[in-house]
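Residue-level structure breakdown
So you can see what is in the structure, the chains are spelled out below.
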Amino acid sequence: MTDCVSEVELTVSCSNLLDKDVGSKSDPLCVLLQSAGDKWEELGRTERIMNSNSPDFSNRLTVQYHFETVQKLKLSIYDIDNKSNDLSDDDFLGGAELTLGQIVSSKTLTRPLQLKKDKPAGKGTITITAEEVKDKRAIVLEMEAKGLDKKDMFGKSDPFLEFFKQGDGGKWTLVYRTEVVKNNLSPSWKKFTVPLQTFCSSDLDKPIKVQCSDYDNDGSHDLIGSFSTNVSGLQKAAHGSPVEFECINTDKQKKKKSYKNSGVIIAKSCKLATQYSFLDYVMGGCQINFTVGIDFTGSNGDPRSPDSLHYMSADGLNQYLSATWSVGLVIQDYDTDKFFPAFGFGAKLPPDFKAANHEFALNFNPSNPNCAGIQGIVDAYRTVLPQIRLSGPTNFSPLINHVAGIAASAAQSKTASQYFVLLILTDGEITDLDQTRDAVVRASRLPLSIIIVGVGPADFKAMELLDGDDGVLKSQSGEPVSRDIVQFVPYRDFINAPKEALARSVLAEVPKQVVSYFKMRGMDPPTKA
């Protein structure tokens, strides 16, 4: 029997969530999990909505739909109060368990939220709407405004836009929310891309409502005004001729006969583009090149001591090797030759053991640092460990710059044929943080992703900074990253988890990063001969 597979997009909203924050509302986020035997696997997360007990999430959750199987899903709502991806220290606001079949057969389904079985989460509810993904096109929009109303007593306004499509029964569904532009009555928002099916159900004449609001930290955003249009109307901005829409506040319009508008919203550009997936690039022949960098700084401890992070257990493994195996076994399938460059940093090398080296070939062959498969990396590590002296400091930038140089050469190609993933395993804080920030910003313009796995019990705040969880990462000169390319996870979160859990977590962002790079370059997937 042939498995009937299609992709389904879930839209989530909640109402009457519990209050967990003192003096303010919760900051909710929704996590989608799918049952896999006796455990739950995370499939995706929405964005976090600040100060809202009835959030509408604009980020869609995608799941593969198999008609022939019962797919048990769990949607969990958390109040997020920190920058960590780990949910164990966040307040659980309630969840709902149901099957994907129930959702798609109902199209829209509302369930009460429960803290645990038979214990409701107050009056909280969750609503899930399902839509099959059939259209690969996306709408690319660039928006700005002029002369918006001033809403803040001691400033101007902090405007943002929300786009809604009209669904069954005339109900409006949120499809996209822009960033907030602080203290500006004539803002320009970043160019954004939304799947056309998400944006307007692939109907260019479907009504679209656009709301402009002034952001308030307590969640009580003030409506500046709104207008209605459709994609056909927005497309008039496709040829360098901006389209203007009057931003109307109906309450002000009723009260003032002289009222004209609350500003003008402008579509600077609008175009439709094909939205390719990671599989489109890989199946077209794009190679994923995997490189490993391992921390040999003194803070790891003497490898001969059982307390050292480099100490080999009875089974011949440690956290460094376990992490390398976990990630490498997944990513090696996307590289045809299975030869992986591997480097160490922070150690003094034989024969003179002078200054620490921050980018040495793990096989001691600088002219050819490639190892044959993941086993080759492991063998090189085990061979080199007794021969070197752990030292310091912990410098990342030499290794990042080295791999970025190779990626830069590949970027000269006019085809989407090469992409690079650098896995850095480290035990502590970065010594050359400023130089590393600069290196990451430069690398964000290249076909490169950087995965950092934190080994041991250290405080990894600097890694979270590179990950961009605290806003957009910038270089010392203030230049922002072109795209998010760093993913950080602490290994300690996965010590007792199934071996594939670490790989799933650290590699989760790579497909999106691959697509974002080639999209930035305007490159379609290659075509296999």
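Please refer to the structure higher up on the page.
Here we summarise the structure given alongside this text. Everything numeric in this text was worked out from a predicted model, so none of it was measured. (Residues numbered from 1 in each chain as written. Predicted model: local features only at pLDDT ≥ 70, side-chain atom pairs only at ≥ 80, totals over all residues. Heavy atoms only, no water.)

Mapped onto the secondary structure, Ser26 falls in the loop between β1 (5-15) and β2 (28-36). At 3.3 Å, the side chain of Ser26 forms a polar contact with the backbone nitrogen of Lys20. Sequence-distant contacts of Ser26, defined by excluding residues within four places in its chain, comprise Leu18, Asp19, Lys20, Asp21, Ile49, Met50, Asn51, Ser52, Asn53, Asp79 and Leu93. (Helix = DSSP H or I, 4+ residues; strand = E, 2+ residues; numbered from the N terminus. Polar contact = N/O pair within 3.5 Å; in protein donor to acceptor, adjacent residues only side chain to side chain. Contact = heavy atoms within 4.5 Å.)

By the secondary structure assignment, Asp352 is in the loop between β19 (347-348) and β20 (360-361). Asp352 sits in the partly exposed class, given a relative accessible area of 47%. For Asp352 and Asp484, which are 132 residues apart along the polypeptide, the C-alpha to C-alpha distance reads 40 Å. (Buried < 20%, exposed > 50% of the residue type's maximum accessible area, 1.4 Å probe, protein only.)

One pass over the structure, following the stated rule, counts 14 salt bridges. Note that Glu42 is salt-bridged to Arg45, the shortest N-O span being 2.6 Å. A residue is classified by how much of its surface remains accessible, and Glu42, at 33% relative accessible area, is partly exposed. The salt bridge involving Arg177 is made with Glu162; its shortest N-O contact spans 3.0 Å. (Salt bridge = Lys/Arg side-chain N within 4 Å of Asp/Glu carboxyl O.)

Where a strand is regular, its side chains alternate between the two sheet faces. The pairing of strand β9 (residues 137-146) with strand β16 (residues 264-274) spans 10 bridges and is classified as antiparallel. Counterpart to Val140 in the pairing with β16 is Lys271. Pairing of strand β15 (residues 243-246) with β16 involves 4 bridges; the strand directions are antiparallel. Each bridged residue has a counterpart across the sheet, and for Glu246 the counterpart in β16 is Val264. (Pairing = 2+ DSSP bridges.)

Right, let's talk about the pairing of strand β11 (residues 172-177) for a bit. Pairing geometry for strand β10 (residues 159-166) and β11, over 5 bridges, is antiparallel. Bridged to Phe164 within β11 is Leu174. Hairpin connection from β10 to β11: 5 residues lie between these consecutive antiparallel strands, with Gly169 at a positive phi of about 70°.

Mapping Val453 onto the fold places it in strand β24 (residues 448-454). Expressed as a C-alpha distance, the spacing of Val453 and Ile424, which sit 29 residues apart in the sequence, is 6.3 Å. Excluding its chain neighbours within four sequence positions, the residues that come into contact with Val453 are Ala323, Leu423, Ile424, Leu425, Thr426, Phe488, Val489, Tyr491 and Val506.

The strand order across the open sheet formed by 4 strands is β11-β10-β13-β14, and the pairing between neighbours is antiparallel. Strand pairing shows two members of the sheet lacking a second neighbour, β11 and β14 (222-229), which therefore form its edges. For this sheet, the mean angle separating the axes of adjacent strands, direction not counted, is 25°. Relative to β14, strand β13 (residues 208-214) runs antiparallel, the two sharing 7 bridges. Bridging across to β14, Ile208 finds its partner in Thr229. (Axes fitted to C-alpha atoms, helices over the stretch in contact; angles between N-to-C directions.)

This part covers helix α8 (residues 397-410). Here α8 spans 20 Å end to end across 14 residues, near enough to the 20 Å set by a 1.5 Å rise per residue. When we look at burial in α8, the residues that qualify are Ser397, Leu399, Ile400, Val403, Ala404, Ala407 and Ala410. On an axial view of α8, the arc spanned by its buried residues comes to 155°, and they lie on one face. Its buried side turned inward, α8 meets β17 (287-295), β18 (339-345), β23 (418-426), α9 (433-443) and β24. (Expected span 1.5 Å × (residues − 1). Arc of directions from axis to C-beta.)

Two quantities define a packed helix pair, namely the angle between the axes and the distance from one axis to the other. With their axes 9 Å apart at the nearest point, α8 and α9 run at an angle of 15° to one another. With respect to each other, α8 and α9 are oriented roughly parallel. The two elements α8 and α9 meet at a crossing, and its hand is left-handed. Contact residues: α8 offers Ser397, Ile400, Asn401 and Ala404, while α9 offers Gln435, Thr436, Ala439, Val440, Arg442 and Ala443. Residues that form the contact of α8 with α9 fall into these classes: 5 nonpolar, 4 polar and 1 charged. (Parallel < 35°, antiparallel > 145°, perpendicular 65-115°, else oblique. Left-handed = near helix turned anticlockwise from the far one by under 90°. Nonpolar A, V, L, I, M, F, W, Y, C, P; charged D, E, K, R; others polar.)

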